[in-house]
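The chain contents come next:
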Amino acid sequence: MNDQNLFHFYDINSSKPSCEPVRYWEDYVIFDRAMDNTTESLRISDSGATATIGLTINQEIDTDMAPGLIAKVVSGKIFQQQLDEMRHLPDNWNGYGSAPPNHVAIRNSLEALYLTLEMDFPPSQVVPSAQEGVGISFASGEKRAIIECFNDGDIVVIKYEGDSDPEVREIGGSREEIKDSLLFIYDFIYGKHS
Amino acid sequence: MESIPDEMFRKGRPIVSLFSPEEDLYIRFNQVDGNKVHPMCIRYPNQSVNRGNYSDPDWVLIPKSKFWDWGYGAFKVKDVPKALISVGGARNNLTVEHDPLEENYAHTEIRAYKNSIRVKNPNKSILAKFQVRLSQKIHILRLPVS
């Protein structure tokens, strides 16, 4: 990757890099301490210039020093928050009789979501499923993939493109199987991983 | 108390088993993925819908005190797959069945049968296929309020 026009983020307290350099729209800055209503600071730099910016979760970064860069801040903690909100949905939250995600679906979803952080492969959405569980979805162009974690512990991986027939795999709940599935999804969404 | 349109009530009207393949079915949802309904908004089996012959599209948002910010969409009876096969080869046959409620004459369910017995605990690969296949067919009439 050419280093030109890459933007580097540093934790202002430790001066350590907080994530891989980012360049593109929809790049994500993974910053573990950031929470919804708490502003933390990061130092952003590119070829010589630096600036300090305050960040909150889901804030888009669009500074004068980084024209063309619009990244988004995500954090493992936001996943926990989202899942916690889902767990507290009322019974029949959708009017179609669905129960909210339970602790089994939440546990498996968190496992998958932390793996996405390790792999630098953030999902596009995390939503409650009408089928009683959690759906973690990934998207690129017309390509879609979903890991659906059910309340009974079952997990399926779904991939499809546009209006094509979906390909579905049933997997177990071990970390290895979830990681293999994420690699399978990554390969589908972005091409072969390195 | 929220008022329900008078035309929604059953008022002794019969079950109408016959569906045209072109009849609209209406569904509500609260998530989209791109320009489609998110597959996670769909249940299998027994997804409730309102049939177009006996309802306005937005009646799926009643009670509006609960669903005012949801979206709704339409698909055709012919869009419901006739059958779905699991990864292991099990087959579910799907039907669209008018199931009127006293306060919602148009209420209809998409039901599944395996060897002529109604499916209660669906195979996960079949239900996932159904979620995607139906989401691909739904024409969004109103997006959820973000």
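Below: a short report on this structure. Note that the structure is predicted; figures quoted are calculated from it, not measured. (Residues numbered from 1 in each chain as written. Chains lettered and ligands numbered in written order. Predicted model: local features only at pLDDT ≥ 70, side-chain atom pairs only at ≥ 80, totals over all residues. Heavy atoms only, no water.)

1. Here's the deal with the state of the cysteines
Here a disulfide denotes a covalent bond joining the sulfur atom of one cysteine to the sulfur atom of another. This is how the line gets drawn: Our working definition of a disulfide is a cysteine sulfur pair at a distance within 2.5 Å. The buried label goes to any residue with under 20% of its type's maximum accessible area, the exposed label to any with over 50%, and the partly exposed label to all in between, with areas taken from a 1.4 Å probe on protein chains only.
Taken as a whole and assessed by the stated rule, the structure comprises 0 disulfides over all chains. Left without a disulfide partner, Cys149 of chain A is nearest to the cysteine sulfur of Cys41 of chain B, which lies 17 Å away. Residue class for Cys149 of chain A comes out buried when judged on its relative accessible area of 1%. What makes Cys41 of chain B buried here is its relative accessible area of 7%.

2. Remarks on the nonpolar core
Note that soluble globular proteins tend to have their nonpolar side chains buried in a common cluster. As a reminder, the rule being used: Residues grouped as a nonpolar core are buried Ala, Val, Leu, Ile, Met, Phe, Trp, Tyr and Cys residues, joined through side-chain atoms within 4.5 Å. Each helix is a run of H or I in the DSSP string that is no shorter than four residues. Each strand is a run of E no shorter than two, and both are numbered from the N terminus. We call two residues contacting when some pair of their heavy atoms lies within 4.5 Å.
Core analysis: the biggest nonpolar cluster contains 35 residues, and Ile158 of chain A together with Leu25, Phe75 and Phe130 of chain B have the highest contact counts within it. Elements with a contribution of two residues or more to this core: β9 (143-150) and β10 (155-161) of chain A together with β1 (24-29), β7 (91-98), β8 (107-114) and α2 (124-137) of chain B. Top contributing element to this core by residue count: α2 of chain B, with 6 residues. Ignoring any residue separated from it by four or fewer positions in sequence, one finds Phe130 of chain B in contact with Ile42, Arg43, Tyr44, Pro81, Leu84, Leu94 and Ile110 of chain B. Formed by 28 residues, the second largest nonpolar core is a distinct cluster that contains Val126, Cys149, Ile178 and Ile189 of chain A.

3. Concerning the sheet that holds strand β7 (residues 125-129) of chain A
Test applied: Any two strands between which DSSP finds at least two bridges are classified as paired. For helices, the axis comes from a line fit to the C-alpha atoms of the stretch in contact; other axes are also lines fit to C-alpha atoms, and the angle between any two N-to-C directions lies between 0 and 180 degrees.
Across the sheet, which stays open at both edges, the 5 strands sit in the order β7-β8-β9-β10-β11 (chain A) with antiparallel pairing between neighbours. Every other strand in the sheet has two partners, leaving β7 and β11 (167-171) of chain A as the edge strands with one partner each. Strand-to-strand, the axes of this sheet are offset by a mean angle of 20°, without reference to chain direction. Pairing of β7 of chain A with strand β8 (residues 133-140) of chain A involves 5 bridges; the strand directions are antiparallel. Residue Ser129 of chain A lies in a different strand from β8 of chain A, and its bridge partner there is Gly133 of chain A. This element, α2 of chain B, spans β7, β9, β10 and β11 of chain A of the sheet and lies at about 35° to β10 of chain A.

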